[in-house]
Amino acid sequence: MKREALVARNLQLSAARHQPSARHSLRRLLLKAVSTIPVAPARTSDRQRILLLRPDHLGDALLTLPAIDVLRTSFPDAELAALASPAAAAILKRLPALHTLESLDFPGFDRSERNALASPWLLALRLSGRLRRQQFESALVLRPDHWWGALTIWLAGIPQRVGFATAETRPFLTTALPLQREHALLRNLRLASDLTGVPPDPEANLRFPLADEDRVRASSLLDAAGLAKARRFFCIHPGTGARVKHWLPAHWARVADTLGQSFDARVVFSGSAAEQSLVQEIIGQMTTPGLDLAGKTGLGELAACYERAVMVLGPDSGPLHLAAAVGTPTVSLYGPADPVEFGPWGSTGKHRVLTSPVACSPCRILDWGEDDLAWHPCLADISVKQVVDAALSLQERHAR
């Protein structure tokens, strides 16, 4: 198919997918009807209590950290609590700024709930009763489209409910901010600003809270794998949560071989246990040895490994945000996701974002179902030379 026809096809398909389905339209009507039911406001504590809802992923949680810092600085005596997904909780539990943290498999993110139509509503009722007893004064829904979180804090009678003005969340919020195209970190700061009055800082600092024991465990892991402390290395994290964001294993193998020689450095591959086969496929196509740490690192060890690395490369993913949050240069490949909203946070001089010029990117669709991924070339369009050149230019600027 010619490129023009392919782009037209994908634009048409993505426009259709961004329209609410019949099921979503029905849910919107139901939510709007439910929002008209009177709900008694909850009693509030003598001490200011603020609840944060973070239902999603590693990268999303990382990009929330500056907003939490602003809340803590603005309200030093307030109790900050978070209700977070297991992935987000792994980040947030490291924050002394939070008084309490509860992990929850949120509906829509827990696959086991997918076919249980009533369970999200019943869980909202049960959880809202418990939240009501905790006497929160304010709640922030940090994911813009999280209707279930907005519904739950409304049922809990929390007096001040702040989120974004999407069709499904707006009926349950006391403050619904306009949703605009901006970086997710600034979006989180804008929510916090509604409570604090502190304007979002476009140069806000993003730092992952590394502990000394993280660095010790990472050093032990690298030593055990035969990587001496004095040996330079760079990392590649080839996996993502969506197949459409994957780059070809053969491309990563060529990048690893080329940069290994150019940097005079070893290459370390990171990934989850589920990504071990992907890493092994890449290493199997390399002409130089690669070190496989997929499935062998916890969050802290991974961050500490990235901190020691010359550079981290990979497609758009939470671990690439983690690398940026420990101050390491990154080269990241973006296709369906919008780098304006979800690119690495920090100076463009320290991070390189590579995209395809194909006109249907970013489509903001991460699951194309059974559609052949060959029809979605936004990652495949990025060449090995582009990645190598970006890495070499970063290395020249940030030689360590």
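Just above, that's the structure.
The text that follows walks through the structure, step by step, so that each part is easy to find.

Procedures and definitions
Residues numbered from 1 in each chain as written. Predicted model: local features only at pLDDT ≥ 70, side-chain atom pairs only at ≥ 80, totals over all residues. Heavy atoms only, no water. Phe/Tyr/Trp six-rings, centres within 6.5 Å; stacked < 30°, edge-to-face > 60°. Helix = DSSP H or I, 4+ residues; strand = E, 2+ residues; numbered from the N terminus. Buried < 20%, exposed > 50% of the residue type's maximum accessible area, 1.4 Å probe, protein only. Disulfide = S-S within 2.5 Å. Pairing = 2+ DSSP bridges. Axes fitted to C-alpha atoms, helices over the stretch in contact; angles between N-to-C directions. Contact = heavy atoms within 4.5 Å.

1. A closer look at the packing of aromatic side chains
Considering all chains together, one arrives at 5 aromatic pairs under this definition. Seen in terms of ring centroids, Trp121 and Trp147 are 5.5 Å apart; in terms of plane orientation they differ by 40 degrees. Their pairing is tilted. You can see Trp121 sitting in helix α6 (residues 119–133) and its partner Trp147 sitting in helix α7 (residues 147–155), a full 26 residues away along the chain. Trp121 gets classed as partly exposed once you look at its relative accessible area, which sits at 24%. When its relative accessible area of 12% is taken as the criterion, Trp147 is described as buried.

2. Quick look at the state of the cysteines
All told, the structure shown has 0 disulfides when counted by the stated rule. Sulfur of Cys235: no disulfide; nearest cysteine sulfur belongs to Cys305 and is 6.4 Å away. Accessibility expressed as a relative area gives 1% for Cys235, which makes it buried. The cysteine Cys363 is free of any disulfide, with Cys378 supplying the nearest cysteine sulfur at 6.1 Å. Judged by its relative accessible area of 12%, Cys363 is buried.

3. Some points on the sheet that holds strand β12 (residues 351–355)
Strands sit in the order β9-β8-β7-β10-β11-β12 across an open sheet of 6 strands; the sheet is parallel. At either end of the open sheet lies a strand with only one pairing partner, and these are β9 (290–292) and β12. On average, each strand axis in the sheet is tilted by 20 degrees relative to the strand beside it, whichever way the strands run. With 4 bridges connecting them, strand β10 (residues 312–315) and strand β11 (residues 330–334) associate as parallel partners. By the bridge assignment for β11, Gly314 is matched with Ser332. Seen against the sheet, helix α11 (residues 276–284) touches β8 (266–269) and β9 and runs at an angle of roughly 165 degrees to β9.

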